[in-house]
Amino acid sequence: MSTHLFAACGQKDDSAVEPSPQSAASDRSEQEIALTTEIPREHREGTPQPIKMHNLEKVATDAPVLIVPKETALLSAGKNVTGSDDFPIIGELSYITDGDKEAGEGYFVELLDGLQWVQIDLDKAARIGAVWIWHYHLEARAYHDVIVQLSNDPEFKEGVTTIFNNDYDNSARTGKGSDRPYVETRFGKLIDAKNTEARYVRLYSNGNTSGDMNHYIEVEVFGIVR
Amino acid sequence: MNDPIHINRRSFLKSSATAGLTLGMPTILKSNPLKTASDEIRIGLIGCGAQQEVLYDTMKNIPGIRFVAACDIMMEGRLKKMVGRIRSAFGYRINHYSDAETMLEKEGKHMDAVFVATPDFWHAPHTVMALEAGCHVYCEKMMSDTLEGARSMVAAMDRTGQLCQIGHQRRSNPRYLYVLNELIRKQQICGQIVNVNGQWNRSLGSSSEKTYPEKNIHHLPDAATLRQYGFNRNISRLLDETELRKRFLNWRFYKALSGGPISDLGAHQIDIFNWFLDARPKSVQASGGRSYFDDREHFDNVMCLFDYDTPQGNARAFYQVLTTTSAGGGYYESFMGTQGTINISEREAYTKIYKESWVPSAEWRRLVDKGFLKKVSAGRPSGSPDAIASYESAPPDEYAIPGGIGLNSPYHHHIQNFFQAIRGQAKLNCDACHALESEAPIYWVNQAAETNETITFTDEHLRT
């Protein structure tokens, strides 16, 4: 299992005991931290395939940053994963929460082509602060129709909150999204879940710029259990 | 264990030279040979690793094919994935084998073509086997880890009459064909090409050792299988399973299994030197070192210099492959002429064309007006005060290929050419004989680097 690390955002002043109106801003910073996690080593292979996608984000060259409450913890480690494809082409759905983020053979699960989803059950509802995704970073590629939803309904019929959607043409039929497509890197994609209350996390994709299949190496869900 | 390849239970091919004697002429008759250009081409896959996946992802979008069988010694990981992908995409199951010889024996008469994407030291045996079994072959580059192996492929192609395409995919790339045929040969925009410069620089992240997760280690072939399939090759002691699996995953690191970076990466680009110059080099000088990966058998950085007498005159070509840094502009080939320079690459972004400042603009404006080129920008002086203007040539104007000639897959046109040749609709763009004419000098680079001696090529060095 990977070690998840929480780095302090600035120096915490332990001597600040008495809250006061003028220290509200610093109180806030003391209660928050920059979310960090173990970033896997860079490992790229093969001749790069052309990536032709509209509105593609600039390729990440560093770990993303998101400020979260300091009580935020990794909730998804070892949790049960189900999916629209119960018999992956290769690998197992359990890889998605096993903490291993390395690129390469043996580390990823490959799902069928077309629109597919995987779903993580956190066992109990939590205030979810962030979802961090590594689809497949052995080569530069972008996945189509990346949609991330949260809900307390395992069927995702009610109370669904979409926290990321780059399906610009509604090909997944969950509604058009305005988020941008991005190139997979070892830094993963960090999504702000805005402290949404939910037990289940569902992630969609619909093939990628190098092939039709869908892949996951790891998904980490961070939040606070009430 | 010093035999070149301890191939299989029946020593099907003890050496490439005996291949023809083992099976004789291609007497195996197809049960239902391709009769018309519209018949489905029936395909087998030898090796189901990452490169075969790339080829598969490309060819599955080409109509008129049907996959018949696949083989790989890594059955749980690679073979299972390939079978699953084909079933998912086409809705049918293919037969699968751990052994190529068995697959060819049982399926050869039902297959028209075989794609070989195995480690380099298996290319020649697998290609010869498949040709002898009556199949046309598309084999990944480098043709073989040895010149003798590559020559055996040419001999088998000639002996059997089957087609054998080598995976130098740039030979079918419309951008390369346009630049060579239209800009260099017909419009002669470079003038006399006096220098060629090529490189493939990649970072440590693309050169790192492959590992396999412990929880899935049972996916990898066991020691007996890996010994049977040559991964103990040229080592006197029996390697243990851990060592063998490391060699299996990282076969490009070992001299007994591959030609190293100059073969893995350089082969594609040095092939372009020879193709574009329409000449074979007279000599090679080279230097290499284990500058970072001091525990690897092959050099991690290699630089080489070829000397040519081309139809236009003398020219030199410099090539470097760095597996330790990606700086310096990625990967491209640059053809530098007295009138202009063309930088070309599989990546459109690296493809740029420059006019020498002394060449009248009117001549290139004519090419722009006719649509052969598009103007990108006028030459920009550096403007820095440290330039000594009188010693510095004026900066060249930059041009580009109109429309870019982009590709969805760099492999598509080369595979399409192979299929068209099978249907009798085209000639191969890179058959084994022409590939070896171009590849032969590459086999001498490592030796030149090891000895620090210039190798002056004779017919014996370069014969196919």
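Residues numbered from 1 in each chain as written. Chains lettered and ligands numbered in written order. Predicted model: local features only at pLDDT ≥ 70, side-chain atom pairs only at ≥ 80, totals over all residues. Heavy atoms only, no water.

An unreviewed UniProt entry lists chain B under the name Gfo/Idh/MocA family oxidoreductase, with Coraliomargarita sinensis given as the organism.

1. As for the overall build of chain A
Worth spelling out the cut-off: Secondary structure elements follow DSSP: runs of H or I of four or more residues count as helices, runs of E of two or more count as strands, with numbering from the N terminus. Exposure classes here rest on a 1.4 Å probe applied to the protein chains alone. A residue is buried below 20% of its type maximum, exposed above 50%, and partly exposed in between. We call two residues contacting when some pair of their heavy atoms lies within 4.5 Å. Note on areas: these come from Shrake-Rupley sampling with a 1.4 Å probe, and a residue is covered only by the protein chains present in the view.
Of regular secondary structure, chain A possesses one helix and 12 strands. When the helices and strands of chain A are read in sequence order from the N terminus, they spell out β-α-β-β-β-β-β-β-β-β-β-β-β. When burial is assessed residue by residue, chain A has 52% of its 226 residues classed as buried. Look at the contacts in chain A between residues 6 or more apart in sequence, and 80% of them connect residues 24 or more apart. For chain A, the accessible surface area stands at approximately 10300 Å², while carbon and sulfur atoms represent 48% of it.

2. Considerations on the sheet that holds strand 3 (residues 95-97) of chain B
Paired through backbone hydrogen bonds, the strands of a sheet run either parallel or antiparallel to each other. All names here are of chain B. Defined as follows: Any two strands with at least two DSSP bridges between them are considered paired. With axes taken as lines fitted to C-alpha atoms, and helix axes fitted only over the stretch in contact, angles between N-to-C directions fall between 0 and 180 degrees.
Reading across from one edge, 3-2-1-4-5-6 is the order of the six strands in this open sheet, with parallel pairing throughout. In the strand order of this sheet, the two ends are held by strand 3 and strand 6 (164-166), each with one partner. Taking the axes of each pair of neighbouring strands and ignoring which way they run, one obtains an average angle of 20 degrees across the sheet. Examined bridge by bridge, strand 1 (residues 41-46) and strand 4 (residues 113-116) share four bridges and lie parallel to one another. When the sheet's bridge partners are listed, Ile46 is paired in strand 4 with Val116.

3. Looking at the domain arrangement of chain B
Residue and element names in this part refer to chain B. In plain terms, the rule: Note that the domain bounds were set by an automatic or database domain assignment. The term buried area means the drop in 1.4 Å probe accessible area that two parts suffer when joined, counted for both and summed. Polar contact is defined as a pair of N or O atoms within 3.5 Å, subject to the rule that within protein one atom must be able to donate a hydrogen and the other to accept it, and that residues adjacent in sequence are counted only when both atoms are side-chain atoms.
Assigned domains within chain B: domain 1 (41-166) and domain 2 (171-209 + 257-351 + 401-410 + 430-461). With centres defined by C-alpha atoms, the gap from domain 1 to domain 2 works out at 27 Å. Roughly 1700 Å² is buried in total at the junction of domain 1 and domain 2, and carbon and sulfur atoms are behind 63% of that figure. Its largest share of buried area at the contact with domain 2, domain 1 owes to Lys141, Met142 and Leu147, together 38% of the area lost on that side. Where domain 1 meets domain 2, there are 10 residue pairs in polar contact (both at pLDDT 80 or more). Looking at the side of domain 1 that touches domain 2, the elements with two or more residues in it are helix 5 (120-132), helix 6 (147-160) and strand 6.

4. A short note on the side chain of Thr341(B)
Secondary-structure assignment places Thr341(B) in strand 12 (residues 340-344). Beyond its immediate chain neighbours, meaning those up to four positions away, Thr341(B) contacts Ser334(B), Phe335(B), Met336(B), Lys352(B), Ile353(B) and Tyr354(B).

5. Comments concerning unusual backbone geometry
Note the cis peptide between Lys141(B) and Met142(B), where omega equals -20 degrees. Unlike most non-glycine residues, Asp123(A) shows phi in positive territory, near 80 degrees. Taking the relative accessible area as the measure of exposure, Asp123(A) reaches 46% and is therefore partly exposed. Even without a glycine there, the phi angle at Asn195(A) is positive, about 55 degrees.

6. Structural notes on the nonpolar core
All names here are of chain B. As a reminder, the rule being used: Nonpolar cores were defined as sets of buried Ala, Val, Leu, Ile, Met, Phe, Trp, Tyr and Cys residues, with membership established by side-chain atoms within 4.5 Å.
Counting residues in each nonpolar core, the largest one holds 107 residues, and the members touching the most others are Met143 and Phe231. Two domains each provide a minimum of three residues to this core, namely domain 1 (41-166) and domain 2 (171-209 + 257-351 + 401-410 + 430-461). Not counting residues up to four positions away in its chain, the partners in contact with Met143 are His123, Ala124, Ala150, Met153, Val154, Ile166, Ala432, Ala435, Leu436, Glu439 and Tyr443.

7. Considerations on the state of the cysteines
Counted only if it meets this: Cysteine sulfur atoms are paired as a disulfide whenever they fall within 2.5 Å.
The full count for this structure, using the stated rule, is zero disulfides over all chains. Sulfur of Cys139(B): no disulfide; nearest cysteine sulfur belongs to Cys164(B) and is 6.4 Å away.

8. Concerning the environment of Tyr97(B)
Residues and elements named next belong to chain B. Along the polypeptide, Tyr97 turns up in strand 3. With relative accessibility at 14%, the residue Tyr97 sits in the buried group. Distance from Tyr97 to Phe276, taken between C-alpha atoms, is 41 Å for residues 179 residues apart in sequence. With residues near it in sequence (within four places) discarded, Tyr97 still touches Ala69, Ala70, Cys71, Asp72, Met75, Leu79, Thr102, Met103, Lys106 and Glu107. Looking at Tyr97, its side chain comes within polar contact range of the side chain of Glu107, at 2.4 Å.

9. Observations concerning the pairing of strand 9 (residues 301-310) of chain B
Residues and elements named next belong to chain B. One ladder, built from seven bridges, connects strand 8 (residues 283-289) with strand 9; its direction is antiparallel. Paired with Val284 across the strands is Phe306, a residue of strand 9. Sheet topology places strand 9 next to strand 10 (residues 313-322); 10 bridges connect them, and they run antiparallel. Paired with Thr310 across the two strands is Gly313, which belongs to strand 10.

10. Some points on the layout of surface pockets
The following threshold applies: Cavities and pockets were defined on a 1 Å grid built over protein atoms only: a cavity is a set of grid points that admits a 1.4 Å probe from which the probe cannot escape, a pocket is an open set flanked by protein on both sides within 12 Å along at least five of seven lines, and lining residues are those with an atom within 4 Å of any such point. Grid points are joined across faces, edges and corners, and a volume is the space filled by probe spheres set on the points. Residues are grouped as follows: nonpolar covers Ala, Val, Leu, Ile, Met, Phe, Trp, Tyr, Cys and Pro; charged covers Asp, Glu, Lys and Arg; every other residue, Gly included, is treated as polar.
In this structure, the second largest pocket occupies an estimated 1100 Å³ of space. In terms of residue class, the lining of the second largest pocket is made up of 15 nonpolar, 14 polar and 11 charged.

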